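# Reading the structure
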Amino acid sequence: MKEVIIDRENYYKDDYEGFAIFLITRAYNDLQMNTALFNNVKGKASDEAQIYFFKLLTSHLKETLKVLGTIKRSSRFEGIMQKWERNELIKKILLDIADELEKPKNRPNSINAKYLNFRNEVFHYCIEEKDFEEYKSIQKQLKVKGINVLLSKDEKGKYKHELGVDIQISQSIFNEQSIEEVDKLRRKIQTLLREILNDYSREKP
């Protein structure tokens, strides 16, 4: 692996292009690491571990779409967008994922809107009235399906953890088809980010 040292002041410039590259680098690195971790546990680790890493992966993907969408819509980043679109691969992917970069409420049929709010469901422990009503609905469905609570206890009979507590939420959102849709979007996003960073780093002495 070849390592290149670039002066930080020249790379993360004190302007919105430098800021955009900083954010994209963070997003790319997080997606790369989390994809590797998820692929490593998929089909091998416990359901809890697989669901946890999938939660992280969908969260990083949603945050990345938020960053790219903000860059696309903001006049502060207009010059950066024009530069990116001179690269045919970047331009093509941006066109392919255009709906995903809009606010989800404005594109209800996007993957972002249909599936990626999973991040909100599992990483925010909400206690509002609407959350209570959703909780009751989920528990009712699980009772009908005959799915009981499965606790893990240690050798002294003390509580360790509940097995599959998030399965009830993930099953209501994800199936084989929706997981493939999310994964296809993830692959496009990672290709896009890498090409942006490749272009940018090639410019630097």
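These lines cover the structure that appears in this document, whether it is placed above or below. (Residues numbered from 1 in each chain as written. Predicted model: local features only at pLDDT ≥ 70, side-chain atom pairs only at ≥ 80, totals over all residues. Heavy atoms only, no water.)

### Some thoughts on the overall build of the chain
Looking only at helices and strands, one finds 10 helices and two strands in the chain. Helices and strands appear in the chain in the N-to-C order α-α-α-α-α-α-α-α-β-β-α-α. Relative to its 205 residues, the chain shows a buried fraction of 36%. For the chain, the exposed surface amounts to about 13700 Å²; the carbon and sulfur share of it is 51%. (Helix = DSSP H or I, 4+ residues; strand = E, 2+ residues; numbered from the N terminus. Buried < 20%, exposed > 50% of the residue type's maximum accessible area, 1.4 Å probe, protein only. Areas by Shrake-Rupley, 256 points an atom, 1.4 Å probe, with all protein chains shown as cover.)

### Description of the pattern of salt bridges
Under the criterion given, the structure shown has 13 salt bridges. Measuring nitrogen to oxygen at the nearest pair gives 3.1 Å for the salt bridge that ties Arg107 to Asp99. (Salt bridge = Lys/Arg side-chain N within 4 Å of Asp/Glu carboxyl O.)

### Thoughts on the packing of aromatic side chains
Within the structure shown, the criterion is met by seven aromatic pairs. Between the aromatic rings of Tyr11 and Tyr200, the centroid separation amounts to 5.0 Å while the plane-to-plane angle is 75°, which identifies the pairing as edge-to-face. Of this pair, Tyr11 sits in helix H1 (residues 8–11) while Tyr200 sits in helix H10 (residues 176–203); the two residues are 189 residues apart in sequence, bridging distant segments of the chain. Take Tyr11 and Tyr200: they sit in the same class, and that class is buried. (Phe/Tyr/Trp six-rings, centres within 6.5 Å; stacked < 30°, edge-to-face > 60°.)

### Re the side chain of Glu17
Structurally, Glu17 can be placed in helix H2 (residues 16–41). In this structure the side chain of Glu17 is engaged in a polar contact, spanning 2.6 Å, whose partner is the side chain of Lys83. With residues up to four places along the chain from it excluded, the contact list for Glu17 reads Ile80, Lys83 and Tyr200. (Polar contact = N/O pair within 3.5 Å; in protein donor to acceptor, adjacent residues only side chain to side chain. Contact = heavy atoms within 4.5 Å.)

### Quick look at the packing of H2 against H10
A pair of packed helices is captured by two measures, namely the crossing angle of their axes and the spacing between those axes. Put simply, H2 and H10 touch, their axes get as near as 10 Å, and they point 135° apart. On the basis of their axis angle, the class for H2 and H10 is oblique. Note on packing geometry: the crossing formed by H2 with H10 is left-handed. Residue-level inspection shows Glu17, Ile21, Ile24, Thr25, Ala27, Tyr28, Leu31, Gln32 and Thr35 of H2 in contact with H10, the latter providing Arg186, Ile189, Gln190, Leu193, Arg194, Ile196, Leu197 and Tyr200. (Axes fitted to C-alpha atoms, helices over the stretch in contact; angles between N-to-C directions. Parallel < 35°, antiparallel > 145°, perpendicular 65-115°, else oblique. Left-handed = near helix turned anticlockwise from the far one by under 90°.)

### Considerations on the environment of Ala49
Among the structural elements, Ala49 can be located in helix H3 (residues 47–73). Separated by 11 residues in the primary sequence, Ala49 and Phe38 have C-alpha atoms spaced 8.8 Å apart.

### What about the packing of helix H5 (residues 88–96) against H10?
At a minimum axis distance of 10 Å, the contact between H5 and H10 shows a crossing angle of 145°. Note on packing geometry: the crossing formed by H5 with H10 is left-handed. Residues Leu89, Ile90, Ile93, Leu94 and Asp96 of H5 touch H10, and the partners they reach there are Lys188, Thr191, Leu192, Glu195, Ile196 and Asp199. Here the contact of H5 with H10 is built from residues that sort into six nonpolar, one polar and four charged. (Nonpolar A, V, L, I, M, F, W, Y, C, P; charged D, E, K, R; others polar.)

### Things to note about the nonpolar core
Formed by 37 residues in total, the largest nonpolar core has its most connected members in Ile24, Trp84, Ile189, Leu192 and Leu193. Elements supplying a minimum of two residues to this core: H2, H3, helix H4 (78–84), H5, helix H6 (111–115) and H10. In this view, Ile189 contacts Leu31, Leu61, Thr64, Leu65, Leu68 and Ile97; residues no more than four positions away in its chain are not counted. (Core = buried A, V, L, I, M, F, W, Y, C linked by side-chain atoms within 4.5 Å.)

### Description of the pairing of strand S2 (residues 159–162)
Alignment of strand S1 (residues 151–153) against S2, held across three bridges, turns out to be antiparallel. Within S2, the residue paired with Lys153 across the bridge is Tyr159. (Pairing = 2+ DSSP bridges.)

### Things to note about the side chain of Asn112
Turning to its location among the elements, Asn112 is positioned in helix H6. Residues in contact with Asn112, not counting those within four places in the same chain, are Lys62, Leu65, Glu100, Glu102, Pro104 and Asn117.

### As for a nonpolar patch on the surface
There is a patch of nonpolar side chains on the surface, built from Tyr16, Phe19 and Phe22 and spanning about 270 Å² of accessible area. By the secondary structure assignment, Tyr16 is in helix H2. (Patch = residues over 30% accessible without salt bridge, like charges linked within 9 Å, V, L, I, M, F, W, Y side chains within 5 Å.)

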